[in-house]
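Chain by chain, the residues:
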Amino acid sequence: MVAGANFNFNGCQVYKGYLDRFEQHALLSELRMIVSKAPLFSPLTPWGKPMSVKMTSAGKYGWYSDHKGYRYIPKHPNGTHWPEIPRSIQAIWHDLCGDQPNPECCLVNYYEKKAKMGLHQDKDEKNLMHPVLSISLGDDALFRIGGQNKNDRTESIWLSSGDVLVMSGASRLAYHGIDRIKYGSSQLLKSGGRLNLTLRVVD
Ligand code: MD6
Ligand code: FE
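This text gives an overview of the structure that appears in the document. Please read these numbers as outputs of a predicted model, since none were measured by experiment. (Residues numbered from 1 in each chain as written. Chains lettered and ligands numbered in written order. Predicted model: local features only at pLDDT ≥ 70, side-chain atom pairs only at ≥ 80, totals over all residues. Heavy atoms only, no water.)

Here the focus is the overall build of the protein. Summing up its helical and strand segments, the protein has two helices and 13 strands in all. In terms of C-alpha radius of gyration, the protein reaches 16 Å, essentially the compact-globule figure of 17 Å for 203 residues. Seen through its principal axes, the protein has C-alpha atoms that stretch 40 × 40 × 35 Å. Scored against the burial criterion, the 203 residues of the protein give a buried share of 52%. By sequence separation, contacts in the protein at least 24 residues apart represent 70% of the contacts at least 6 residues apart. For the protein, the computed accessible surface area is about 9,800 Å², with 53% contributed by carbon and sulfur atoms. Separation between the mean location of the 25 positive side-chain charges and that of the 19 negative ones in the protein comes to 7 Å. (Helix = DSSP H or I, 4+ residues; strand = E, 2+ residues; numbered from the N terminus. Rg over C-alpha atoms; globule rule 2.2 N^0.38 Å. Buried < 20%, exposed > 50% of the residue type's maximum accessible area, 1.4 Å probe, protein only. Contact = heavy atoms within 4.5 Å. Areas by Shrake-Rupley, 256 points an atom, 1.4 Å probe, with all protein chains shown as cover. Lys, Arg positive; Asp, Glu negative; His and termini not counted. Charge placed at Lys NZ, Arg CZ, Asp CG, Glu CD.)

It is worth spelling out the sheet that holds strand β2 (residues 12–15) at this point. The seven strands lie next to each other as β1-β2-β11-β8-β13-β6-β3, forming an open sheet whose pairing is antiparallel. Each end of this open sheet is capped by a strand with a single partner; those strands are β1 (8–9) and β3 (54–59). With four bridges joining them, β2 and strand β11 (residues 164–167) adopt antiparallel strand pairing. Looking at β11, one finds that Val14 is bridged to Leu165. Sheet strands touched by helix α2 (residues 87–97): β2, β6 (105–111), β8 (132–138), β11 and β13 (194–200). Its angle to β8, the strand with the most contacts, is close to 125°. (Pairing = 2+ DSSP bridges. Axes fitted to C-alpha atoms, helices over the stretch in contact; angles between N-to-C directions.)

Quick look at the structure:
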């Protein structure tokens, strides 16, 4: 854990090395439990193409996409409720986001070698004042962040295993995405790749 953020772009705060190796492995065991109950799947974009990132969720809601668009749904496509968000993950939220309400969705993104995520805004939540917190595990990823307009100037930073990022205030609606991962740069996941968790208040 570190005392303060060590990168700030328009209110997007990055806490490098927030989780140590031990905490990263503990989090990975929690994620294995989640994925065993709610397997990863490839959502379809509204225009019918499978996303390169595989996803699942924990919490009251899971994020989902298909031809009907982006939205939150109360059950995994296999018909079961999403697993609960582990206490250890909620603790990170409360440590960095203070007295914000409990997160209702923990979206799990898994990036294989060639996966990426295009520039997007997170705006499927009802109240866009609540922050979004993201945790990176596994391979390094090139994160790009700009402003509230798609053509605003962007900055890129490498996110490594154990880094935590909070988008609040002016950055809450900033366009952001993952250009690429540096496959094999971390030993945390035996078969490589990157896991990213994002915590959100949905209602
Ligand atoms: C990722 N992250 O790091 C993608 N969204 O794999 C996000 O899309 C994201 O890092 C909202 C807030 C923080 C994020
Ligand atoms: Fe996002």
